[in-house]
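The residues making up each chain are set out below.
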Amino acid sequence: MAELLEHCAQARFVWNLACEQHAHWRPGRAAAPGYNEQARQLTEARAEFAWLRAGSVTVQQQALRDFAHAMSSFFRGIHRRPSWRKAGRDEGFRQVGVKPEHVQRLNRRYGRVLVPKVGWVRFRWSRAVPEGVKSYRVTCDRAGRWHVAFAAIPDPIPGPGNGQTVGLDRGIAVSAALSTGELLVVAGFSQGERRRLRRLQRRLARCARGSNRRARVKAAIARVKARVTERRKDWVEKISTDLARRFDLIRVEDLDIRGMTRSAKGTVERPGRNVGQKAGLNRGILANGWGLLVARLQHKAAGRVRKVRAAYTSQQCSACGHIAPENRQSQAVFRCVACGFACHADVNAARNIAAGRAVTARGALQPLGGAVNREPHLATSAP
Ligand SMILES: [Zn+2]
């Protein structure tokens, strides 16, 4: 395991180096180095540090590529800015270019994977390794357990050919509402889990720094959180498959995940202190879950997902198009003050998204008569 930790440390070192270079970059300055420039610097760093040189170059290069990918996700607004990785918290590395013979099944319960510079590593075969696997990621969670995850882009699912469009609205109380009227709820923390988490966090506060007890409590906290993360991922897989099978076109909000995450967790630089609170916790899960859901939809319903710029979807009537803040009577109730149409507020928003409706701020400020009769303006963009 020491060699695996070494891979993690080197991947982290390279990632943080890239992170630091980008942190100094401000608009107006010369561009921060891209992947190619950083790859060249990696070669120099390897020449300089024997410690890096002794490690796997593919692991280190992959960390750079992952960073470049994270930056591009950040610029496209689908993820937070990649941040500094800390020892003990972000232990992991990725290996690509995996050949089929590098992953072997030993028996019913165990398999083994070939890790560069380490050799064969045995792992529990807890779920099917996808066919044609190209890469894997090895991580060590805060509970000190090692995981290996094999990645494969899921095969696209053919559309049903029924010409049906669905709109998806993400929410806080309801995880996602469909324009069909379905309300989908992702299982977040159960009451028991939340209680246990609170108890553990209180206990953690009383532990002496660096003590064994503190490490044990931290591991227990990580286990509770990992369980919820697993549940969320399962949910995303189920829902995305279901939607890709049932609808030909899927419209989702093109929303600013960064803004959402920030509201729950504070800024990336200064994380909020209320992360342990119920709302913050579940909102964090939703923010992550939403990005993952859209990504999975784009894999499974390839070419059939449209992002809609969704301003005013919660204030606009999906029946007559009238926009007024008073339409939204409460978190859950929508009742149009113009035509009397009433429905679940999130479903109403999902119907607006399904219609591909997007209203500009200018439109909303127009006198009532003008805005009401305007043709819905299609503003969809290819994913
Ligand atoms: Zn109306």
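Our subject is the structure that appears above.
Residues numbered from 1 in each chain as written. Predicted model: local features only at pLDDT ≥ 70, side-chain atom pairs only at ≥ 80, totals over all residues.

> Explanation requested: the overall build of the protein chain in the structure shown.
The secondary structure content of the protein chain amounts to 11 helices and 14 strands. Classification of the 383 residues of the protein chain by burial places 28% in the buried group. A separation threshold of at least 6 residues defines the contact pool for the protein chain, and within that pool the share at least 24 residues apart is 63%. (Helix = DSSP H or I, 4+ residues; strand = E, 2+ residues; numbered from the N terminus. Buried ≥ 20, exposed ≤ 12 C-beta atoms within 10 Å, placed from the backbone. Contact = placed C-beta atoms within 7 Å.)

> What is the right way to look at the nonpolar core in this model?
Among the nonpolar cores identified, the biggest contains 28 residues, and V166, L168, L243, I250, L297, A350 and I353 are the most heavily contacted of them. For this core, the elements supplying multiple residues, two or more each, are β7 (165-170), β8 (176-178), α6 (212-246), β10 (249-253), α8 (278-300), β11 (305-308) and α9 (345-354). Here the element with the most residues in this core is α9; it accounts for six residues. Setting aside chain neighbours within four positions, we find A350 in contact with G167, L168, D169, A177, L178 and S179. Membership of the second largest hydrophobic core comes to 15 residues, among which are A18, V115, Y136 and V138. (Core = buried A, V, L, I, M, F, W, Y, C linked by C-beta atoms within 7 Å.)

> How should I be thinking about the pairing of strand β5 (residues 135-140) in this particular structure?
On a regular strand, each side chain points to the face opposite its neighbour's, so the side chains alternate between the two faces of the sheet. For strand β1 (residues 91-95) and β5, the ladder comprises five bridges, and the chain directions are antiparallel. Of the residues in β5, the one forming a bridge with R94 is R137. Across six bridges, β5 lies against strand β6 (residues 146-151) in antiparallel orientation. Each residue of the ladder has a partner; that of R137, found in β6, is A149. The loop that links β5 with its antiparallel partner β6 comprises five residues; one of these, G144, has a positive phi angle of about 85 degrees. (Pairing = 2+ DSSP bridges.)

> How do you make sense of the packing of helix α1 (residues 2-23) against helix α4 (residues 57-75) when you look at a structure like this?
Between two packed helices, the angle of one axis relative to the other and the distance separating the axes together describe the packing. Remark: α1 packs on α4, axes separated minimally by 8 Å, with the N-to-C direction vectors making an angle of 40 degrees. Looking at the two axes, α1 sits oblique to α4. In this structure, α1 crosses over α4, and the sense of that crossing is right-handed. Seen from α1, the contacting residues are H7, Q10, A11, V14, W15, A18 and H22; seen from α4, they are V59, Q60, A63, L64, F67 and M71. Its residues placed into classes, the contact of α1 with α4 shows nine nonpolar, four polar and no charged. (Axes fitted to C-alpha atoms, helices over the stretch in contact; angles between N-to-C directions. Parallel < 35°, antiparallel > 145°, perpendicular 65-115°, else oblique. Left-handed = near helix turned anticlockwise from the far one by under 90°. Nonpolar A, V, L, I, M, F, W, Y, C, P; charged D, E, K, R; others polar.)

> Just checking my understanding: could you explain the sheet that holds β5 for this structure?
Note on sheets: strands pair through backbone hydrogen bonds, and any given pair is parallel or antiparallel. Read across the open sheet, the three strands follow the order β1-β5-β6; overall the sheet is antiparallel. Taken across any chain shown, the strands that pair with only one partner, and hence form the sheet edges, are β1 and β6. Shown here is a sheet whose adjacent strand axes are inclined to one another by a mean of 15 degrees, direction ignored. Strands β1, β5 and β6 of the sheet are contacted by α1, whose axis makes an angle of about 90 degrees with β1.

> Can you help me understand the sheet that holds strand β3 (residues 110-115) in this one?
Overall, antiparallel pairing links the three strands, which are arranged β2-β3-β4 in an open sheet. Single-partner strands in this sheet number two, and they are β2 (103-105) and β4 (119-124). For this sheet, the mean angle separating the axes of adjacent strands, direction not counted, is 25 degrees. Sheet analysis places β2 next to β3, joined by three bridges and oriented antiparallel. Each bridged residue has a counterpart across the sheet, and for R105 the counterpart in β3 is G111.

> Is there a simple way to think about α1 in this case?
Every α-helical turn comprises 3.6 residues, leaving residues that sit three or four positions apart pointing alike. A rise of 1.5 Å per residue sets the reference length of α1, with its 22 residues, at 32 Å; its end C-alpha atoms lie 31 Å apart and thus fit the reference within 8%. Along α1, the positions that sit buried rather than exposed are L4, H7, C8, Q10, A11, R12, V14, W15 and A18. (Expected span 1.5 Å × (residues − 1).)

> For this particular structure, what's the right way to read the packing of helix α2 (residues 35-48) against α4?
Packing of α2 against α4 brings their axes to within 10 Å, and their N-to-C directions diverge by 150 degrees. Overall, the two elements α2 and α4 adopt an arrangement that is roughly antiparallel. Seen from above, α2 lies across α4 with right-handed handedness. Taken together, the residues of α4 that come into contact with α2 (itself represented by Y35, Q38, A39, L42 and R46) are V57, Q60, Q61, L64, R65 and A68. Considering only residue class, the contact of α2 with α4 consists of six nonpolar, three polar and two charged.

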